[in-house]
Structures are given as C-alpha cells and as structure tokens.
Amino acid sequence: DNTAVVSIFYGFMLFLGFLGAGFNPAFHDIIAHKVKLQSRSFVHNTVYSGQQLGSVLATVGVNISIDQFGWRVTFAIAGGICLCVAITWRLVVDRDMPDVDNTRKSHGDPADDVRLSSVVVTRGASADETAPPSASAALFTPYEKWRTVLTSPAFLVICLNHFGAVWVSRVASNWGPTFLHAQEGIPFKDLGYLASIPNLLSFFVIAGSGVLTLHLIKRRQWTVVGVRKFAQGLGLGIPALALIWMNYATSKYLVIGLLLFSGALQGLAFGGYHCNHIDIAPDPNMASLMYSITNSIGQISGVVEPLVDG
C-alpha cells in the first residue's frame, strides 16, 4: 500500500526532525556552559565535522545495503540506528548545568563572564574585549534579556545568515545531482557517491577551520568577532561565486569541481553564524533557544527554495 508507506516515511522524517531539534540546540547550550569563549568554535566544529563524516558513511552504507538487502531492510536498519541514538541521548545526557557565573568566579576567571550590554550583544564580544564594566547578566530579568537579544542587530544578522546559508546549501544539494545528470550526462547510479564528496570535504573543512579559529584567537590575537566575520565571509561568499561561475564553465570537470567545492567550503560558516549564537547569548541558558529561533528561520529556505526554483 503506497499510502501506508508514504505515511510511515513521513512519520519517520518527522521523528528525525525532532531528533535534530533536540540535539543541535542542546549542544549549543552545553558549549555555552562548559567551554570558554576562545575555544567554542573549535569544540563546536569538531562535533559538527563528525556529522559530515556520518553523512558520508550513511550514503555509502545505504548504497551497499540496498544492493545487498533491498530497500525494506535498509530502512529498517536506518530506523534501528535512529532509535538507538535517541535512547542513548535520553539515558546519557544530563540537562543539569552548573551556574556559569559561580563556576568562573570560583576559578578566578571573571574576564570570561559575558555581560549584558549593547556592546556585547551587538558585536558578540567578550567582556575583556570591548564591554565596559556593567552589571552581570544574572541581574536582568528574562524579559530584559530576550528583548535585548531580539532587537539586537547581531541576532538579526545571524537570522539572515542562517536563511542564506541554508538556501545556498539547498541549491547545491537539491539541484546539484540533477544539474550534473542533465547538463553533463553523468549517470544517476554515480550521483549518490558523487553527492557524498562535498560532505567528505566538509569534514576536513569544518574540523580544520575549528583548529584555525582556535589558532587565530589564541596565537594570532584575533578577536572572536573578527574570526566569526572571516569564517562567515569565506563560508558564504566563495561558494556563491563558485555557483555563479559554474553556469559559465565549459569543462565538465570544472563544473563538477565547482559544485563540489561550493558544497564543501560552506563548512567554514560553522565557525561563523552557526557558532555566533553562543557568543552573544547574555545568559548561557538562552543559547539553545536562540539557535532554535534562527534555525527555524533558516529552514524556511528548505521550503521556499524548491518552490522558487521550480
């Protein structure tokens, strides 16, 4: 019964959506509580690079599984893995976090305390970079904190960048294989492996950029704001130019290279807007919900982009 199959598949994808909605914001919350400002993009990118590698292994594994066992068993295996991950998350992850202000004061590290001021929220800097002495974020009410965040230029720019980043990635992932098949004559049976290459390259880009951001901040004395702008500018600007260039390239191999290069280099943005929620959160407990808001805006691209592109 096709209706039953489609309904089950839809329910499965909905469950995956809940899984992602749980993991990603919670991870931002954990970083906000546990990781110092200078090292956040390193920890953030290390974990997300593993997500890219998992995509590659899943793509290759699914291709092998379909050949060996067929579609039904393949979906059953994927569902079993997803269920195990959900159970593990429920049993292992503990939401109880130490008070960040008290922890830092006990370690004699008050400079890492992110304060609620227009300078901090607007520029995403730490107290030791630009912020004047001000009251701790703990002295402000939740309403005051959220009002400051939701009206700050920095947060609005993150929302805009999240929307744009998802749009570019959807163009490459949704239409890239179709483009290569229609324009370059590449057989469909080869597109699955070809489509996994950007994720493999992104693994190295995201992990490497995490190390690079740590080096620039700690060794080269770059500001966190400067590093975020640098990563974001390259992570969206160069892939956009590559996608434009791809339309005028005459060599099949150059077209393929530009498409793969565009998909891979978007991983640099993980050290930009994707991590920036944590930097500007006046309260560590707000980082997860701030990510949820911008991600909801970003995922609108996933709906609108195919409709606009026809």
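Just above, that's the structure.
Scope of this entry: the structure provided in the associated data block.

What follows concerns the overall build of the chain. Looking only at helices and strands, the chain has twelve helices and zero strands in total. Counting from the amino terminus, helix and strand elements in the chain follow one another as α-α-α-α-α-α-α-α-α-α-α-α. Out of the 310 residues in the chain, the part that is buried amounts to 40%. Total accessible area on the chain stands at roughly 16600 Å², and carbon and sulfur atoms take up 67% of it.

Now for helix H3 (residues 71-92). Over its 22 residues, H3 extends 32 Å from the first C-alpha to the last, a length consistent with the 32 Å expected when each residue adds 1.5 Å. Residues of H3 that are buried: Thr74, Cys82 and Ala86. The arc enclosing the buried residues of H3, seen along the axis, measures out at 105 degrees, which places them on a common side. Residues of H3 that are exposed and point over 90 degrees away from its buried face: Arg72, Ala76, Cys84, Leu91 and Val92. Contact partners of the buried residues in H3: helix H1 (2-34) and helix H2 (40-69).

All right, on to helix H7 (residues 153-184) then. The terminal C-alpha atoms of H7, which comprises 32 residues, lie 43 Å apart, in line with the 46 Å expected from a rise of 1.5 Å per residue. Within H7, the axis deviates most sharply at tryptophan 175, by approximately 45 degrees, and proline proline 177 lies no more than four positions further along. Phi turns positive one or two residues past the end of H7, at glycine 185, with a value near 70 degrees.

Bringing the side chain of aspartate 279 into the picture now. Tracing the backbone through its elements, the reader meets aspartate 279 in helix H11 (residues 273-280). For aspartate 279, a relative accessible area of 0% puts it in the buried group. Within the local environment of aspartate 279, its side chain forms a polar contact with the side chain of asparagine 276, the two groups lying 2.9 Å apart.

Between H1 and H11, whose axes approach to 9 Å, the crossing angle comes to 50 degrees. One element, H1, and the other, H11, form an angle in the oblique class. In the crossing of H1 with H11, the sense of the turn from one axis to the other is right-handed. Residue-level inspection shows His28, Ile31 and Ala32 of H1 in contact with H11, the latter providing His274, His277 and Ile278.

You will see that glutamine 221, though not glycine, has its phi angle at about 65 degrees, which is positive. Position of glutamine 221 relative to the elements: it lies in the loop between helix H8 (188-218) and helix H9 (224-246).

To continue, consider the pattern of salt bridges. Within the structure shown, the criterion is met by two salt bridges. With its nearest N and O atoms 2.8 Å apart, the salt bridge here joins aspartate 283 to lysine 145. One end of the pair, aspartate 283, is in the loop between H11 and helix H12 (287-309); the other, lysine 145, is in helix H6 (residues 142-150), with 138 residues separating them in the sequence. On the basis of relative accessibility, which here comes to 18%, the residue aspartate 283 falls in the buried class. Given the relative accessible area of 8%, lysine 145 is considered buried.

Summed over the entire model, instances satisfying the criterion amount to nine aromatic pairs. For the ring pair phenylalanine 27 and tyrosine 48, a centre distance of 5.7 Å and an interplane angle of 65 degrees mean the geometry is edge-to-face. Of this pair, phenylalanine 27 sits in helix H1 while tyrosine 48 is found in helix H2, placing the two residues 21 residues apart along the sequence. Here tyrosine 48 falls in the buried class, since its relative accessible area comes to 1%. Ring-pair connections join several aromatic residues into one group, and the members of that group are Phe23, Phe27, Tyr48 and Phe270.

Here we take up the environment of alanine 172. Along the chain, alanine 172 falls in helix H7. On the basis of relative accessible area, alanine 172 is assigned to the buried category, the value being 11%. The spatial distance from the C-alpha of alanine 172 to the C-alpha of proline 198 is 9.7 Å, given a sequence separation of 26 residues. Apart from the residues within four sequence positions on either side, alanine 172 is in contact with Pro177, Leu259 and Gln266.

The rules we used
Residues numbered from 1 in each chain as written. Predicted model: local features only at pLDDT ≥ 70, side-chain atom pairs only at ≥ 80, totals over all residues. Heavy atoms only, no water. Helix = DSSP H or I, 4+ residues; strand = E, 2+ residues; numbered from the N terminus. Buried < 20%, exposed > 50% of the residue type's maximum accessible area, 1.4 Å probe, protein only. Areas by Shrake-Rupley, 256 points an atom, 1.4 Å probe, with all protein chains shown as cover. Expected span 1.5 Å × (residues − 1). Arc of directions from axis to C-beta. Contact = heavy atoms within 4.5 Å. Bend = angle between axes of the 7 residues up to and from the residue. Polar contact = N/O pair within 3.5 Å; in protein donor to acceptor, adjacent residues only side chain to side chain. Axes fitted to C-alpha atoms, helices over the stretch in contact; angles between N-to-C directions. Parallel < 35°, antiparallel > 145°, perpendicular 65-115°, else oblique. Left-handed = near helix turned anticlockwise from the far one by under 90°. Salt bridge = Lys/Arg side-chain N within 4 Å of Asp/Glu carboxyl O. Phe/Tyr/Trp six-rings, centres within 6.5 Å; stacked < 30°, edge-to-face > 60°.

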